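Next come the chains, spelled out residue by residue.
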Amino acid sequence: MFTTNHNISIELANISDVNEIAAEVNRCEIWILNALCVEDRLKQLASSPAGLRRLISTFYFVRYDFCRMNFIVGSRCASEDEGLYQGIVTNLYEEMGGARGPSHNELYRQVLRFVGVNDEKTLKEPEFARNFNRNWEQFCSGAPKDEALLGIGIYEILDNPDYRLLLRVAKHGGISGSALRFFAVHAGAQHFDLFGSLVQRFIGAGGGATITSAALFVLKTQARMWSDLLSFLEERAKESGDSGEEQSGHQEIAAPGYEQAS
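Here goes a summary of the coordinates provided. Here the structure is a predicted model, which means the values were calculated and not measured. (Residues numbered from 1 in each chain as written. Predicted model: local features only at pLDDT ≥ 70, side-chain atom pairs only at ≥ 80, totals over all residues. Heavy atoms only, no water.)

**Some remarks on the packing of aromatic side chains**
Put simply, the rule reads: Centre distance within 6.5 Å is the pairing criterion for rings of Phe, Tyr and Trp, where only the six-membered ring of Trp is used; planes under 30 degrees apart are then read as stacked, over 60 as edge-to-face, and the remainder as tilted. Put simply, DSSP H or I for four residues or longer makes a helix, DSSP E for two residues or longer makes a strand, and each gets a number counted from the N terminus. Remark: exposure states derive from per-residue accessible area (1.4 Å probe, protein chains only) relative to the maximum for the residue type, with buried under 20%, exposed over 50%, and partly exposed in between.
Following the criterion strictly, the structure yields 15 aromatic pairs and no others. Here the aromatic rings of Phe 61 and Tyr 64 are separated by 5.9 Å at their centres, their planes lie at 90°, and the arrangement is edge-to-face. With 5.7 Å between their ring centres and 90° between their planes, Trp 136 and Phe 139 make a pair best called edge-to-face. With a gap of three residues between them, Trp 136 and Phe 139 both fall in helix α7 (residues 127–142), about one helical turn apart. This pair shows no difference in class: Trp 136 is buried, exactly as Phe 139 is. Cluster of aromatic residues (ring-pair linked, three or more members): Phe 59, Tyr 60, Phe 61, Tyr 64, Tyr 108, Tyr 163, Phe 182, Phe 183 and Trp 226.

**Quick notes on the packing of helix α4 (residues 66–77) against helix α5 (residues 82–95)**
The axes of two packed helices give the description: the angle between them and the distance between them. The condition is simple: As a rule, the C-alpha atoms of each element are fitted with a line to give its axis, helices using only the stretch in contact, and angles between N-to-C directions run from 0 to 180 degrees. When an angle is under 35 degrees it counts as roughly parallel; over 145 it counts as roughly antiparallel; between 65 and 115 it counts as roughly perpendicular; any other value is oblique. Note: crossing handedness is left-handed where the near helix turns anticlockwise from the far helix by less than a right angle, and right-handed where it turns clockwise. Throughout, a residue-residue contact means that at least one pair of heavy atoms, one from each residue, lies within 4.5 Å. All amino acids are sorted into three groups, where Ala, Val, Leu, Ile, Met, Phe, Trp, Tyr, Cys and Pro are nonpolar, Asp, Glu, Lys and Arg are charged, and the leftover types, Gly among them, are polar.
Remark: α4 packs on α5, axes separated minimally by 10 Å, with the N-to-C direction vectors making an angle of 155°. Between α4 and α5, the crossing angle belongs to the class labelled roughly antiparallel. Crossing geometry of α4 relative to α5 is assigned as left-handed. On the side of α4, the interface is formed by Phe 66, Cys 67, Asn 70, Phe 71, Val 73, Gly 74 and Cys 77, while α5 contributes Leu 84, Tyr 85, Ile 88, Asn 91, Leu 92 and Glu 95. Partitioned by chemical class, the residues of the contact of α4 with α5 number nine nonpolar, three polar and one charged.

Here it is, written out as structure tokens:
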């Protein structure tokens, strides 16, 4: 699955089952999380109130822009048949909380308030998060339309491994009650299912290479985000004197950004 120097490699072109594609992407993401020791390092960083607040405040910036990415890709599909944009429309509905609400943004505001941040507008976006969002924006607007659309769907696969880990970290840091709902909702989400018929459509049309390319972008970009997030938080913790001993044994993973197509 991976090359010896830990560059991420995945091949989905020969897989004809949507669930098997999701399982393979899930396995890759779990490998990345383990290779970087994400859970252990985040738990250490979240062990103090200041560290927990720093984590929650920083993570805000790598999740708040996802709705906009859906809109960017959706606007490129607006003139196509509804089979292309159905997943995005339904996904945005779910982001707003579905029939029961509240929105996922509002759920995260509950987490922010739990750690003492009453207004997200007071937070400052770190440079690494700005780069992460810029890479996604360039991909959504500049990649071939089919690849960008698949990227949005494949990104949803990461919810389960990522947010199950983050739910454990949040509990470890002392978050409780309704403030845990944001993590719990995403830990159990099945939003990739909204794109299942779309992925199957590409499989049937011989689009396995496009699916693989989209998955590589998603996994590499997410790996870089985790690496940069951890480095940023550990540097800030060290500056503040609340870092403890840094975790060792994690592996750096190469994950170059996406170059916008001309």
